[in-house]
Amino acid sequence: MVTEDPPALLLQMQGIVKTFPGARALDGVDLDVRPGEVHCLLGQNGAGKSTLIKVLAGAHQPTEGTILMDGEKIEIPHPVAALEHGVATMYQELDVVDGLTVAENIYLGHELASVGFTQRREATRRTRKLMERLGHPEISPHREVGTLSAAGKQVVSMARALSRDARVIVMDEPSAVLDSGEVDNLFRVVEELVEQGIAIVYISHRLEEIRRIGHRITVIKDGRTVGRNLDVASTPTDELIKLMTGKDVEYAFPERPGVPDDAPVRLEVADLSLAGVFSGVSLSVRAGEIVGLAGLVGSGRSEILETIYGARRAAGGTVALDGRRLRNGSVTAAVGAGIGLAPEERKSQGLVLDEPVYRNITLSTFARTARAGWLDERAERDAAKEQAVALDLRPPDVDRSIRTLSGGNQQKAMLARWLVHGCEVLLLDEPTRGVDVGARSEIYALVRRLADAGTAVLVVSSEIPEVLGLADRVLVISEGEVVHAGPADSIDEHQVLDMVMEGSAA
Amino acid sequence: MSEQQTSSRPAADTPKARADHRRGHSIFSGAVGRNLGLVAALLLLCLVGFLTGGDRFASLTNLMIILSLASAIGVLSIGMTFVITTGGIDLSVGSVVGLSTVWASTLATQNLADQYGWIVMVGCALLVGLAAGLVNGVVIAYGNVVAFIATLAMLVAARGLAELIANRRTQIVDVPSFDNTFQGNLVGVPKIVWIFVLVAVVGWFLLNRTTFGRRTVAVGGNPEAARLAGINVKRHLVYVYGLSGLAAGIAGVMMLARTGAGSSTTGMLWELEAIAAVVVGGTLLAGGRGTIVGTVIGALIFATLSNVFIINNLDSSVQAIAKGAIIVGAVLLQQRISAPRSS
């Protein structure tokens, strides 16, 4: 990708400093973006990536530093100015309006109009063109955006950027909401945009993705640029991780001690089905065992976990814990029997963000520690503190709002909840989503420690290497059915992918 | 490997985390500041009252008038605080007050009360309130009807039922044991004010010190997280609306004592006054945060405002305008103090 004569820089950010009262969020960040490249912005949670893109989007004003476009200094006092300069930002929470059509969304805020009447036909025509340019002619301009998948919404968001003649598109973890098929699609679109000379600033945790589509990388840590314009092809992974975390880290999975044959079966799921999603799912997890469910988004893997947990009412089949059958469709019964779930969407499904850390940790147990309905907050705090220390929660202060913790530490708090509860079966849905590289190995080690202590763990992940690396046994799910079950070390990523793809092709 | 992991730099040291932490503190100090602000607003009102009304305002008698005025709506507001903390709304409370006064003062009830004592009337009022609240809760939680609509329906229906029972007539209470128990003063303070104090204290403990209160906050803060943590969210919502109905029943008893009669027009538009007191007090309409102290001060502010206007013989229409301004002002202030939440 690196040519002899690199094109002139399109966008430059030099020495960007952003201070908030009492904190320096950015402390001298440099970013050089060439036209027609995918420039990856890498950094741990809290490194300042979000602040940087907000500066670029005009949502924050830099305290110091300059931004140049085509070598000329520009000011971005508000978001509309960013668009005028040709910088469009796609945030993680896509800013599309579900109730409007594709065309209406794309021209939202800059409607094509003459004397106050919207030019619907012209908007439709241009939308159709944009969709063709993005390789998605099948998305009709008249379709309501709410009916599109996450991937479809992303395309709409990109089309909106193009409709404003964006020359730099900033994408904040665009793949986080997509499954692997949709990610392929996204990458194809990104490549086409790059060919047209548009620059993409791509933010992601996932190094594998960066390897696939990135050209150059800027690494930031603690609000500073620590790695500048690194070539994707020639920079080894461990060096990137070292730059991000400031130390040598390997993506390590804990050892598997092996589950003894006489370990009792804790969780027994028989012939479980959920109308229209999955059917005939049977599985068992023994004490001390980690079982992984691999499959694409939409294969039914998350729904399987939620149905076992009682969050969805099964159409048929049974779930039994230590031989005792659980009441169908009752989370309260499942939790009471000793099952815990760390859900996929931590913030929206797992945590009460405005509440302090300790109350989130004791959310399933405060009633148990209470006496006749009176809370025992001291006991709650003590239990939470004990887990905070045991899990190396950072910071260990359990009275602060859980909103302020990083993704990895929020996940630890979720695990702490079930440790306090003392559950026998732990269901983990995407345990490392939004958890940065440094904290991942910690989560893995923690899950293994739980298993070693006798907990039966059932884990779902869209990252196949994670399932294979962490689990003792793997079940491959495709189209709502278990298509393979076996030891995790006797199968590799490609075999799993083959099975998953074949299933979805059938 | 994991040894190296555990030694990695604490996340708290990152600039963003520090900024976040700071923001967490400003929310906390905001909560304190907001209550201080409320107290300041109340004192300011009292000052205006004293300057314009002189001794007619600053007298013990007038203080008791203000407290009596705040009592019934105050009790409603305590119940409403729980409902709003779950992220819901209860529009039916005013009507339910009317219904409970009517039901508890029918000839049949009064005859029974003559035989068995005042407890019959009180029990009747409380049961009517509780039942209406539970119906609201069941329709909302298990029928998946939006709280606004479900309680709007109850508002209309309860008022209609009250009119039907009372035949649109005022029913005078003629039960001496009831009057003796609830009218007049206790240690120089009207008994209905004592009821308000009692309800507020119980409400405070219930919200801040019990599992019920914790569930209320959790359900309001994130219903899905509460459900997935094993809390029976639907059942809890039924209880919370039941509680609000019960508060309306208590307010009904207080109104029977204060006016000496049951009428289907009692409590007209009180739901709005209660909601105003709760919101001005600082409870988040979006749910997840509630304050009983704030609600009590909110109720006192509105009662004092009415009193100041009455003492100065001002038009009640002007008073309504002032109330509206206070509501908007308080909410604007609330938003300023509790800092914008960024993504």
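Thresholds applied
- Here, residues in each chain are numbered from 1, in the same order as that chain's written sequence.
- Chains carry letters from A onward and ligands carry numbers from 1 onward, assigned in written order.
- At least 70 in pLDDT is required for a residue's local features to be given in this predicted model, at least 80 for side-chain atom pairs to be given and counted, and no such filter applies to totals for whole chains, interfaces and linings, which use all residues.
- Each side-chain value is worked out from all heavy atoms of the structure, with water and hydrogens disregarded.
- Elements are defined by DSSP. Helices are runs of H or I of four residues or more, strands are runs of E of two residues or more, and each kind is numbered from the N terminus.
- We compute the radius of gyration from the C-alpha atoms alone; for a globule the expected value is 2.2 Å times N to the 0.38, where N is the number of residues.
- Any pair of residues with heavy atoms lying within 4.5 Å of one another is described as a contacting pair.
- Residue burial considers only the protein chains on display, and all accessible areas are found by Shrake-Rupley using a 1.4 Å probe.
- Two residue types count as positive, namely Lys and Arg, and two as negative, namely Asp and Glu; His and chain ends fall outside the count.
- Working definition for charges: the position is that of NZ of Lys, CZ of Arg, CG of Asp or CD of Glu.
- Salt bridge, as used here, is a side-chain nitrogen of Lys or Arg placed within 4 Å of a carboxyl oxygen of Asp or Glu.
- When a residue's accessible area, from a 1.4 Å probe over protein chains only, is under 20% of the maximum for its type it is buried; when over 50% it is exposed; and in between it is partly exposed.
- As a per-residue quantity, pLDDT reports the predictor's confidence and falls between 0 and 100.

### Points about the overall build of chain A
Looking only at helices and strands, chain A has 18 helices and 22 strands in total. For 506 residues, the compact-globule formula gives about 23 Å, and the C-alpha radius of gyration of chain A, at 24 Å, lands near that figure. In chain A, of all internal contacts separated by at least 6 residues, the share reaching a separation of at least 24 is 68%. Of the roughly 20300 Å² of accessible surface on chain A, a fraction of 49% belongs to carbon and sulfur atoms. Positive and negative side-chain charges of chain A, numbering 55 and 74 respectively, have mean locations separated by a distance of 5 Å.

### As for the pattern of salt bridges
Between side chains of opposite charge, a pair can form as their charged atoms come close. Residue and element names in this part refer to chain A. Inspection of every chain in the model, using the stated rule, returns 36 salt bridges over all chains. D27 is paired through a salt bridge with R224; the nearest N and O atoms lie 2.7 Å apart. Linking D27 in strand β2 (residues 23–33) with R224 in strand β12 (residues 224–231), this pair joins segments that are 197 residues apart in sequence. On the accessibility criterion, R224 (41% relative accessible area) is partly exposed. A salt bridge links E306 to R312; its shortest N-O distance comes to 2.6 Å.

### Remarks on the side chain of A:S157
Residue and element names in this part refer to chain A. Considering the arrangement of structural elements, one finds S157 in helix α5 (residues 150–163). On the basis of relative accessible area, S157 is assigned to the buried category, the value being 5%. Excluding residues within four positions of it along the chain, S157 makes contact with M90, L94 and D95.

### Digging into the confidence of the model for chain A
The predicted model of chain A has a mean per-residue pLDDT of 87, with 95% of residues at 70 or higher. When mean pLDDT is taken per element in chain A, helix α12 (residues 357–361) of chain A scores highest with 96 and helix α18 (residues 493–505) of chain A scores lowest with 70.

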